Amino acid sequence: MKETKQRKTGEIAAILLSVWLGIVATTLSHLWSYYNPLQANPILLNWGSWIPSWWAIGPYTGKETAGLVVWLGTWAILHWTLGRIEVKLKPWTIGFAVAFIVNLIILWPTVYHTILWWPSLPNTLPGGEG
């Protein structure tokens, strides 16, 4: 009979933190794309060009790539560091839930327009319709 080894709670904390950081990276790349599309969108298109049919999705592929790279990179680092210790999961779970909700509120257009001082943004849209 094989005996199973109990996993450390730090592994779960590492997952929660890395997922949240990936979400934040996606959010920040979205806000960058909104605020400065002439600079951000070509870079985001380049980042996402490895995804099949990337041209049909546009700069969203770069936003997905930014979130994926940050999520996997931080997960690897945090799993190696936090994964070896025991932590209390209740504060980590509550912190993740609160941070997720705050991020969701920031993505609400009314909120991020206020944060970015919209409608007083620079006219950055092609053809001057911004």
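Scoring rules and cut-offs
- Residues numbered from 1 in each chain as written.
- Predicted model: local features only at pLDDT ≥ 70, side-chain atom pairs only at ≥ 80, totals over all residues.
- Heavy atoms only, no water.
- Core = buried A, V, L, I, M, F, W, Y, C linked by side-chain atoms within 4.5 Å.
- Buried < 20%, exposed > 50% of the residue type's maximum accessible area, 1.4 Å probe, protein only.
- Contact = heavy atoms within 4.5 Å.
- Helix = DSSP H or I, 4+ residues; strand = E, 2+ residues; numbered from the N terminus.
- Arc of directions from axis to C-beta.
- Polar contact = N/O pair within 3.5 Å; in protein donor to acceptor, adjacent residues only side chain to side chain.
- UniProt positions renumbered as here; feature names shortened; annotations may be inferred.
- Patch = residues over 30% accessible without salt bridge, like charges linked within 9 Å, V, L, I, M, F, W, Y side chains within 5 Å.
- Areas by Shrake-Rupley, 256 points an atom, 1.4 Å probe, with all protein chains shown as cover.
- Salt bridge = Lys/Arg side-chain N within 4 Å of Asp/Glu carboxyl O.
- Phe/Tyr/Trp six-rings, centres within 6.5 Å; stacked < 30°, edge-to-face > 60°.

1. Remarks on the nonpolar core
By size, the foremost hydrophobic cluster in this structure holds five residues: Ala-13, Ala-14, Leu-78, Leu-82 and Val-87. With near-sequence residues (within four places) excluded, Val-87 lies in contact with Thr-9, Gly-10, Ala-13 and Trp-92.

2. What about unusual backbone geometry?
With a phi angle near 60°, Ser-53 is a residue other than glycine that sits in the positive phi range. By the element assignment, Ser-53 lies in the loop between α2 (37-47) and α3 (54-57). Using a relative accessible area of 39% as the deciding quantity, one classes Ser-53 as partly exposed.

3. Concerning α2
Considered for burial, the residues of α2 that qualify are Pro-37, Ala-40, Asn-41 and Leu-44. Viewed along the axis of α2, the buried residues span an arc of 95°, placing them on a single side of the element. Opposite its buried face, α2 presents the exposed residues Leu-38 and Asn-46, each directed more than 90 degrees away. The secondary structure elements touched by the buried residues of α2 are α1 (9-35) and α4 (60-81).

4. Considering the side chain of Asn-41
Checked against the element boundaries, Asn-41 lands in helix α2. At a separation of 2.6 Å, a polar atom in the side chain of Asn-41 contacts the side chain of Ser-33. The residues contacting Asn-41, other than those within four sequence positions of it, are Ser-33 and Pro-59.

5. Observations regarding the UniProt feature "transmembrane region" (unreviewed entry) in the chain
UniProt feature "transmembrane region" (unreviewed entry): in the numbering of this structure it lies at residues 12-35, 65-82 and 94-118. For residues 65-82, the helix share is 94%, the strand share is 0%, and the end-to-end C-alpha distance is 24 Å. Along residues 94-118, the helical share is 80% and the strand share 0%, with 32 Å between the first and last C-alpha atoms.

6. Side note on a nonpolar patch on the surface
A grouping of Ile-15, Trp-71, Leu-72 and Trp-75 is seen on the molecular surface, where their side chains present a nonpolar patch of about 360 Å² in accessible area. Broken down by element, the nonpolar patch gets its largest block of residues, three residues, from α4. Among the structural elements, Leu-72 can be located in helix α4.

7. Some points on the packing of aromatic side chains
The description of two aromatic rings rests on the distance between their centres and on the angle between their planes. What the rule picks out here adds up to four aromatic pairs. Each ring, one from Trp-32 and one from Trp-47, has its centre 6.4 Å from the other, and the planes form 45°; the classification is tilted. Placement of the pair is Trp-32 in helix α1 and Trp-47 in helix α2, with a sequence separation of 15 residues. By relative accessible area, which is 40% here, Trp-47 ends up partly exposed.

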